[in-house]
Structures are given as C-alpha cells and as structure tokens.
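# Coordinates in review
The residues making up each chain are set out below.
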Amino acid sequence: MAILNILRYPDARLHKVAKPVTEFGERIKKLVADMAETMYDAPGVGLAASQVDVHEQLLIVDISETKDELRVFINPQIVWASAEKQVYDEGCLSVPGIYDGVERPAQIKVSALDADGKPFELSADGLMAVCIQHEMDHLMGKVFVEYLSPLKRNRIKAKMLKEERGMEREAALRAAGRRH
Ligand code: K1U
Ligand code: ZN
C-alpha cells in the first residue's frame, strides 16, 4: 500500500471530469487500498479518486469512529434525492483547514458498483449523505468552495496559494541544505 499525494485547491486538475471505470481487477483493488491508506492517514472521512489525480469515477467513505467501515462507490449515481435540505459545515482534504456550510439534499439513494464490480444501492442521510455528495462533486470536477460566495472563495484561493509558496520555499531550503 502507499500514501498518495492529495491535490490542493486551486490545482486545475481538481476540475477534470472523471471517466467511468470499465475494467475491474488488481489495478482497482490497489487504487482502493492506496486511497484508503491515504484517507485514514490524512485523516479524513472520504476521498475521491480525482483528489489523487486519478480521473475515474471511484470514491471511498468511512464515517465510523473505529475506521473499519470502508465503503467503495464506483460509477456512482444518485437515483433519488429528498426535497428536504440540510446545511453541513464541510471540510476537504484538498482545502485543508477550511470548513464552511453547504446546503444539499438531506437524504439520497445512490446506486454504484463495489470494488469487484458488483452493483448495489444505498440509502444515506446525515454525514454519509453529505460525504457521498461531496465526493461525487469531486468526480464532476467541483470543489465545495464553489458553493461559497466569490468573496469567500477568492480569500480561500489566496490563502492556499500563499501556503503553497511557503511550502515551495521550505522545500527549496531543505534541498539547498542537502547540497551543502
Ligand atoms: O476531501 C474530502 O473530500 C474528504 C472530506 C470529506 C467530507 C467531510 C465533511 C463534510 C463533507 C465532506 C474530509 O474528510 S475533510 C476532514 C474531516 O471532515 C474529518 C477529519 C477527521 C475526522 C473527522 C472528519
Ligand atoms: Zn473534498
């Protein structure tokens, strides 16, 4: 298994639209295992393949306290969504440190394939419903900050770019230190 690099907003690759998975086998099993290790290490409660620069329709979720209830959704589709909405303070491993309210349907029914390519349906509410919808947005190239006002989004973008420059400076200093 391996810990994968999580793309950080505003990386343009986060806006790519994922393609359906068409072949099931060892490559998908390894991707799921690597994504799970990456999500638990972060830590997070969900992760979409798009966030690790794999633009295929695969997402994982584990909202359990014990971190032993991993769910895999491949080629997911929302087949029903409630008229009732809920607002949840969402976070994102691609936008670390930022949490803000997003309104979404409170209950959903999703159809998807599991890691073996077997179809299933799941009804979800609460955090599970939030998380699945958030991860499905990633597969469509959408990051949750796009639900926020342009003012908030631009502030977040500026903060993330400043942090990125800081990380690049630190990496350059470390590399220079290794040369001397
Ligand atoms: O980046 C992601 O898509 C994962 C994201 C999922 C999510 C969480 C909350 C609302 C909507 C979507 C995260 O996991 S952010 C981190 C987080 O919420 C968390 C981390 C540790 C323990 C519990 C939650
Ligand atoms: Zn996210």
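Residues numbered from 1 in each chain as written. Chains lettered and ligands numbered in written order. Predicted model: local features only at pLDDT ≥ 70, side-chain atom pairs only at ≥ 80, totals over all residues. Heavy atoms only, no water.

As named in an unreviewed UniProt entry, the protein is Peptide deformylase, taken from Massilia atriviolacea. The UniProt entry for the protein carries this comment under Catalytic activity (unreviewed entry): "N-terminal N-formyl-L-methionyl-[peptide] + H2O = N-terminal L-methionyl-[peptide] + formate". Quoted verbatim from the Sequence similarities (unreviewed entry) field of UniProt, the annotation for the protein is "Belongs to the polypeptide deformylase family." (UniProt positions renumbered as here; feature names shortened; annotations may be inferred.)

What follows covers the sheet that holds strand S1 (residues 46–48). Strands sit in the order S1-S2-S3-S6-S7 across an open sheet of 5 strands; the sheet is antiparallel. Each of the sheet's edge strands pairs with one partner strand only, and the pair in question is S1 and strand S7 (119–125). Adjacent strand axes in the sheet meet at a mean angle of 40°, parallel and antiparallel pairs treated alike. Sheet topology places strand S6 (residues 107–113) next to S7; 7 bridges connect them, and they run antiparallel. Counterpart to Lys109 in the pairing with S7 is Ser123. The strands that helix H1 (residues 26–41) touches are S1, strand S2 (58–61) and strand S3 (71–81); relative to S2, the one it contacts most, it runs at about 40°. Running over the sheet, helix H2 (residues 126–139) touches S1, S2, S3, S6 and S7 and is turned about 155° from S2. (Pairing = 2+ DSSP bridges. Helix = DSSP H or I, 4+ residues; strand = E, 2+ residues; numbered from the N terminus. Axes fitted to C-alpha atoms, helices over the stretch in contact; angles between N-to-C directions. Contact = heavy atoms within 4.5 Å.)

It is worth spelling out the site of ligand 1 at this point. The immediate surroundings of ligand 1 are formed by 15 residues, with Val45, Gly46, Gln51, Leu93 and Glu135 found nearest. Contacts to ligand 1 include His134, whose side-chain N or O atom sits 3.1 Å from an oxygen atom. A distance of 2.7 Å is found between an oxygen atom of ligand 1 and a side-chain nitrogen or oxygen belonging to Glu135. With the chains in place, 81% of the 530 Å² that ligand 1 exposes on its own is no longer accessible. If you map ligand 1 onto the pockets, it falls in the largest pocket. Among the residues making up the shell around ligand 1, the classes are represented as 7 nonpolar, 6 polar and 2 charged. (Near = heavy atom within 4 Å. Polar contact = N/O pair within 3.5 Å; in protein donor to acceptor, adjacent residues only side chain to side chain. Areas by Shrake-Rupley, 256 points an atom, 1.4 Å probe, with all protein chains shown as cover. 1 Å grid on protein atoms, 1.4 Å probe; cavity = no way out; pocket = protein on both sides within 12 Å on 5 of 7 lines; lining within 4 Å. Sits in = over half its atoms within 2 Å of the grid points. Nonpolar A, V, L, I, M, F, W, Y, C, P; charged D, E, K, R; others polar.)

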